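A closer look at the structure
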Amino acid sequence: MQIEPLAIEGAYVVTPRQFPDDRGVFLEGYRGDLLAEHLGHEPRVLQTNISVSSRGTVRGIHFADVPPGQAKYVTALHGSFLDFVVDIRVGSPTYGRWESVLLDTDDRRAVYLSEGLGHALIALEDDSTACYLCSAAYNPSGEHGIHPLDPALGLKLPADITPLLSPKDEAAPTLAEAQEAGLLPSYDACLTHLRSLTGR
């Protein structure tokens, strides 16, 4: 299993080693001990979510209050997605930047994003199924969103896809509006939370 950092601190792409034979394929989908070598702590998995999406469905940009935040480990079980990690931590050196990773059932990559980062994905084909391992349970009062089509962020969606958003995501504020409303986590709060997890 190969774990590589993305350009946004706290985000990683995980590429598993696959073992195909005439029966199919076997792979390790998640290794908390190996992630711990990069994170400084073993990620906690408290909740698993599964979404099934039609082509063009955009989910996000979602994030949770820090603390406690919600780290996520996301992979595709069927179909394919473009997965976006967005740095929404006020004061971060990469604030407002994003990275995208193709998640599909060929390379079977996963994305890990730490607490305080924003997350979105867009389904590239019908019935695309994503699995999320989450470090905290869903807390409606602490969950927020940013409009995924915010032109200031400029997430690069495939030109041949018409985005389909939920009413909640359609009504979400832009990044600037969310910052002005005090909804975004601060980089310092995220670092403090990380220190509480690592004991450093």
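In short, a report on the structure. (Residues numbered from 1 in each chain as written. Predicted model: local features only at pLDDT ≥ 70, side-chain atom pairs only at ≥ 80, totals over all residues. Heavy atoms only, no water.)

Concerning the layout of surface pockets
Which entries qualify depends on this criterion: Here a cavity denotes grid points, spaced 1 Å and computed from the protein atoms alone, that fit a 1.4 Å probe unable to get out, and a pocket denotes an open set having protein on both sides within 12 Å along at least 5 of 7 lines; residues with an atom within 4 Å of a point are the lining. Grid points are joined across faces, edges and corners, and a volume is the space filled by probe spheres set on the points. The helix and strand labels rest on DSSP assignments: H or I over at least four residues marks a helix, E over at least two residues marks a strand, and numbering proceeds from the N terminus. Throughout, the ten residues Ala, Val, Leu, Ile, Met, Phe, Trp, Tyr, Cys and Pro are labelled nonpolar, Asp, Glu, Lys and Arg are labelled charged, and all others, Gly among them, are labelled polar.
By volume, the largest pocket amounts to about 490 Å³. Considering the residues around the largest pocket, the lining is formed by 20 residues, among which R59, H62, K72, Y132 and Y138 are closest to the centre. Those elements giving two or more residues to the lining of the largest pocket turn out to be strand 5 (47–53), strand 6 (58–64), strand 12 (128–134), strand 13 (143–145) and helix 2 (167–170). Among the elements that make up the lining of the largest pocket, the one with the highest residue count is strand 5 (4 residues). When its residues are assigned to classes, the lining of the largest pocket shows 5 nonpolar, 10 polar and 5 charged.

With respect to helix 4 (residues 187–198)
In plain terms, the rule: The length a helix should cover is 1.5 Å for every residue beyond the first. Categorising residues by exposure relies on relative accessible area from a 1.4 Å probe, with only protein chains included: less than 20% of the type maximum marks a residue as buried, more than 50% marks it as exposed, and the intermediate range marks it as partly exposed. Directions from the helix axis toward the C-beta atoms define the arc. Any two residues whose heavy atoms approach within 4.5 Å are treated as being in contact.
With 12 residues, helix 4 ought to run about 16 Å at 1.5 Å a step, and its terminal C-alpha atoms sit 17 Å apart, in line with that. Taken together, the buried positions of helix 4 are Y187, C190, H193 and T198. Seen along its axis, helix 4 keeps its buried residues to an arc of 135°; they face one direction. Exposed residues lying more than 90 degrees from the buried face of helix 4 are D188 and S196. Against the buried residues of helix 4 lie helix 1 (32–39). Of the residues flanking the end of helix 4, it is G199, one or two places downstream, whose phi is positive at about 75°.

Describing the sheet that holds strand 11 (residues 118–123)
Applicable threshold: Here, a strand pair is defined by DSSP locating no fewer than two bridges between the strands. Angles run from 0 to 180 degrees between N-to-C directions of axes, and those axes are lines fitted to C-alpha atoms, restricted for helices to the stretch in contact.
Pairing in this open sheet of 5 strands is antiparallel, and the strands run 9-8-11-6-13 from one edge to the other. At either margin of the open sheet sits one strand with a lone partner, and together these are strand 9 (98–104) and strand 13. With direction set aside, neighbouring strand axes in the sheet form an average angle of 25°. Judged from the 3 bridges that link them, strand 6 and strand 13 form a sheet pairing that is antiparallel. Each bridged residue has a counterpart across the sheet, and for A64 the counterpart in strand 13 is E143.

Brief notes about helix 1
Of the residues making up helix 1, those classed as buried are G32, L34, L35, A36 and L39. For helix 1, the elements touching its buried residues are strand 1 (2–5), strand 2 (11–15), strand 7 (72–78), strand 10 (110–113) and helix 4. Directly after helix 1, the chain includes G40, whose backbone phi takes a positive value near 90°.

Describing the pairing of strand 1
Put simply, side chains in a regular strand alternate between the two faces of the sheet. Judged from the 4 bridges that link them, strand 1 and strand 2 form a sheet pairing that is antiparallel. Paired with I3 across the bridge in strand 2 is V14. Connecting strand 1 to the antiparallel partner strand 2 that follows it, the hairpin turn spans 5 residues, and G10 within it adopts a positive phi of roughly 95°.

What about the packing of aromatic side chains?
Filter applied, for reference: To pair, rings of Phe, Tyr and Trp, with the six-membered ring standing in for Trp, must have centres within 6.5 Å; the planes then decide the type, stacked if under 30 degrees apart, edge-to-face if over 60, and tilted in the middle.
Scanning the model with the defined rule gives 3 aromatic pairs in all. For the pair Y12 and Y112, a centre-to-centre distance of 6.5 Å together with 50° between the ring planes defines the contact as tilted. Highlighted residues: Y12 in strand 2 and Y112 in strand 10, separated in sequence by 100 residues. As far as burial versus exposure is concerned, Y12 and Y112 are alike and both buried. Seen from their ring centres, F84 and W98 are 5.5 Å apart, and the 65° between their planes marks the pair as edge-to-face. Of this pair, F84 sits in strand 8 (residues 80–86) while W98 sits in strand 9, placing them 14 residues apart in sequence. Here F84 falls in the buried class, since its relative accessible area comes to 1%. Residue W98 is classed as partly exposed on the basis of its relative accessible area of 25%.

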